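# Structural description and commentary
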Amino acid sequence: MEWFIYTCVFAAVVLMGFYMKRKMRGFLIDNRSPPSLPSFPVIGSLLCLKGHSLPHIFFQQLQKKYGDMYSLMMGPHKVLIVNNHLHAKEVLLKKGKIFAGRARTVTTDILTRDGKDIAFADYSNTWRFHRKIVHGALCMFGEGSASIEKIICREASSLCEVLTDLQSCAVDLAPELTHAVTNVVCSLCFNSSYKRGDPEFEGMLQYSQGIVNTVAKDSLVDIFSWLQLFPNEDLRILKHCVSMRDKLLKKKYEEHKVDYSDNVQRDLLDALLRAKSSSENNNTGSQEIGLTEDHLLMTVGDIFGAGVETTTTVLKWSIAYLIHHPQVQKKIQEELDSKIGKDRHPLLNDRGNLPYLEATIREVLRIRPVAPLLIPHVALSDSSIGEYNIQKGTRVIINLWSIHHDEKEWKNPDLFIPERFLDKEGNSASPPSLSYLPFGAGIRVCLGEALAKMELFLFLSWILQRFTLGVPSGQPLPDLQGKFGVVLQPQKFKVEARLRPGWEKNTQVPQNNEVKSD
Ligand code: STR
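Parameters and conventions
- Residues numbered from 1 in each chain as written.
- Predicted model: local features only at pLDDT ≥ 70, side-chain atom pairs only at ≥ 80, totals over all residues.
- Heavy atoms only, no water.
- Near = heavy atom within 4 Å.
- Areas by Shrake-Rupley, 256 points an atom, 1.4 Å probe, with all protein chains shown as cover.
- Helix = DSSP H or I, 4+ residues; strand = E, 2+ residues; numbered from the N terminus.
- Nonpolar A, V, L, I, M, F, W, Y, C, P; charged D, E, K, R; others polar.
- Pairing = 2+ DSSP bridges.
- Contact = heavy atoms within 4.5 Å.
- Axes fitted to C-alpha atoms, helices over the stretch in contact; angles between N-to-C directions.
- Phe/Tyr/Trp six-rings, centres within 6.5 Å; stacked < 30°, edge-to-face > 60°.
- Buried < 20%, exposed > 50% of the residue type's maximum accessible area, 1.4 Å probe, protein only.
- Lys NZ or Arg CZ within 6 Å of the ring centre and 35° of its normal.
- Salt bridge = Lys/Arg side-chain N within 4 Å of Asp/Glu carboxyl O.
- Parallel < 35°, antiparallel > 145°, perpendicular 65-115°, else oblique.
- Core = buried A, V, L, I, M, F, W, Y, C linked by side-chain atoms within 4.5 Å.
- Polar contact = N/O pair within 3.5 Å; in protein donor to acceptor, adjacent residues only side chain to side chain.

### A closer look at the site of the ligand
Looking at the ligand, there are 15 residues lining it, with Ala119, Ile211, Asp302, Glu309 and Val486 nearest. Relative to its unbound accessible area of 480 Å², the ligand is 89% covered by the protein chains. Broken down by secondary-structure element, the contributors of at least two residues to the shell around the ligand are α9 (199-214) and α14 (293-324). Per element, the largest residue contribution to the shell around the ligand is five residues, and it comes from α14. The residue inventory of the shell around the ligand, partitioned by class, reads ten nonpolar, three polar and two charged.

### Section: the sheet that holds strand β2 (residues 77-82)
Across the sheet, four strands lie side by side as β1-β2-β6-β3; this open sheet has mixed pairing. Strands at the two margins of the open sheet, each flanked by one partner only, are β1 (69-74) and β3 (377-378). As defined by bridge partners, β2 adjoins strand β6 (residues 395-398) across four bridges and the pair is classed as parallel. Within the sheet, the bridge partner assigned to Leu80 lies in β6 and is Val396. Where helix α3 (residues 55-66) meets the sheet, it contacts β1 and β2, and its direction lies at approximately 115° from that of β1. Contacts between helix α4 (residues 85-94) and the sheet are confined to β1, β2, β3 and β6, with β6 contributing the most and set at about 130° to the helix.

### Structural notes on the packing of aromatic side chains
For the structure shown, the criterion picks out ten aromatic pairs. Pairing Tyr194 with Phe201 gives two aromatic rings, centres 5.9 Å apart and planes at 40°, and the pair type is tilted. Just as Tyr194 is buried, Phe201 falls in that class too. Taking 5.7 Å as the distance between ring centres and 45° as the angle between the ring planes, the aromatic pair formed by Phe224 and Trp226 counts as tilted. Residue Phe224 is classed as buried on the basis of its relative accessible area of 10%. Aromatic rings pair up to connect Trp317, Tyr321 and Phe416 into one cluster. Across the ring face of Trp410, the terminal group of Arg366 is positioned such that the distance to the ring centre comes to 5.2 Å. One Lys or Arg, Arg368, reaches over the ring of Trp317 and ends 5.5 Å from the middle of that ring.

### Thoughts on the pattern of salt bridges
On inspection of all chains with the given rule, the structure shows 25 salt bridges. Notably, a salt bridge pairs Glu90 with Lys95, separated by 2.7 Å at the nearest N-O pair. In this structure, Glu90 and Lys95 share a single accessibility class: buried. Here Glu334 makes a salt bridge to Lys330, at a shortest N to O gap of 3.8 Å. With Glu334 and Lys330 both in helix α15 (residues 326-339) and four residues apart, this pair spans about one turn of that helix. Judged by its relative accessible area of 44%, Glu334 falls in the partly exposed class.

### What to know about the packing of α9 against α14
Put simply, α9 and α14 touch, their axes get as near as 11 Å, and they point 90° apart. On the basis of their axis angle, the class for α9 and α14 is roughly perpendicular. Residues Met204, Tyr207, Ser208, Gln209 and Val212 of α9 form the contact with α14, whose own contacting residues are Phe304, Val308 and Glu309.

### Quick look at the environment of Val184
In this structure, Val184 sits in helix α8 (residues 174-190). It is 9.7 Å that separates the C-alpha atoms of Val184 and Leu451, two residues lying 267 residues apart in sequence.

### Here we look at the side chain of His179
Its location among the elements puts His179 in helix α8. Residue His179 is classed as buried on the basis of its relative accessible area of 11%. If we ignore the near neighbours within four places in the chain, the residues touching His179 are Tyr194, Lys195, Arg196 and Phe201.

### Thoughts on the side chain of Gln333
Positionally, Gln333 belongs in helix α15. Once residues within four sequence positions are removed from consideration, Gln333 is found in contact with Leu464, Phe467, Thr468 and Arg500.

### Some details on the nonpolar core
Counting residues in hydrophobic clusters, the biggest one holds 108 residues, and the most contacted among them are Phe459 and Leu469. At 15 residues, the largest contribution of residues to this core is made by α14. When neighbours within four sequence positions are excluded, Phe459 is seen to be in contact with Ile152, Glu155, Ala156, Leu159, Ala180, Val181, Val184 and Leu315. Leu92, Leu374, Ile385 and Ile403 belong to the second largest nonpolar core, which has 18 residues in total.

### Concerning the pairing of β1
Counting buried positions over the six residues of β1 gives five, a clear majority of the element. Bridge analysis of β1 against β2 gives six bridges, and the strand direction is antiparallel. For Met73, the partnering residue across the bridge sits in β2 and is Lys78.

### Some details on α4
Those residues of α4 lying buried are His85, His87, Ala88, Glu90, Val91 and Leu92. Its buried side turned inward, α4 meets β1, β2, β3, β4 (383-385), β6 and α17 (400-404). With a side-chain oxygen lying 2.7 Å from the backbone nitrogen of Leu86, the N-terminal cap of α4 falls on Asn84.

Written as structure tokens, this is what we have:
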């Protein structure tokens, strides 16, 4: 009998042990993984996402049910959505290196020759090396540099000339804005610029839009790569646009190689060629470190594409919001009139004196972030975010939209209020919330931040010094929702630019700070 009791107790202990172990494992794993959307074999959570054309807004809404951080399955890929700025900073800053990876997808592989660029390439030594060179080259032309200011002012001046000619017509400003911004980036990358109507420029406009419409927007083919085996209209467009871009890049590259000299650095492409030639001379082996022709072309392509698409998009959003808020436009103009007047054009030095314009730019970047979901990061090893464990290989989407529209952080986040970036006296103040990352953060932070800020300030100040922008009669106000893609673009809209009183005759660059000479 005794042995029977001992056996029963022993069995009970063993069973209890198993039970506890399972419980504990459940606790350790389940309670430390983020809440998850329902998921089915093969398709994962795709049924839940179906029918939502603005994923940043849908992901923001899902917070109500799942909390700030939750996971879902995009087909076979585990994806974590981060909607809160503290978690976002843990990913981008505190654990920046761990989350510095990028996923390879069909569309970005086509665009970047299998990840030989900077924005979409996975974390590697080559990537770090490239980024360093480009960063150095951009700094050279960067803040405080007179040459970049001159280039932007030259383009702002011809943009204002064109606007004068188009005065009082209902025009889509997008091609003109793109032209001006393209010429700035073109000067920086290739030391060249385009005349209006240049067929090469027209071709560029076309291919760039084609790329934005088809690349990296979590289309099905990026989730299930085998779908590329079937006919796919988006992939056909993307390949066509990429081949147009490649022709242009190759032409610039060949031209630069012909008159390259170690002693002169005219532009970004020269800086890259110099890095390639010095690593070859030092026998570092440009192949190993990754300075192949492909890498140089893809890197320049990135900077060129990013430089054009992002700044043009923010200028379009700025104009859309200024048209919706004429009182904001008026305040900027009053500030420009009192701090600059009509006898000279705006300069970078004026930035500190025009806090209302600066606040408006910050507010535009908050309310309509260029890349509302950034570019997804990938965990390079097992790690954690907040209280949750995150497995290696998880794709991490930072929802900048939620971060910039967080009601706990921003009062009336959906309203356009530049004053939130000013103190009571109307001077520039640090952002009222830390929930603000328009250029991302950490080791993949936007390389063009300084350049973008210079361009936005100069273009907008030049335009608003001379013109008042409004809706042409009979036209609707611009739509403010946007089309989701690798950048969040506004829908096309028409604008009427009217010269302000006092500018009717002397519309061009004032005499005392001529910028047309190079
Ligand atoms: C725009 C179109 C093009 O011709 C080339 C590129 C490559 C770089 C991309 C760019 C695109 C869109 C904006 C991106 C940029 C890299 C960084 C930037 C995605 C697709 C942002 O993160 C907003």
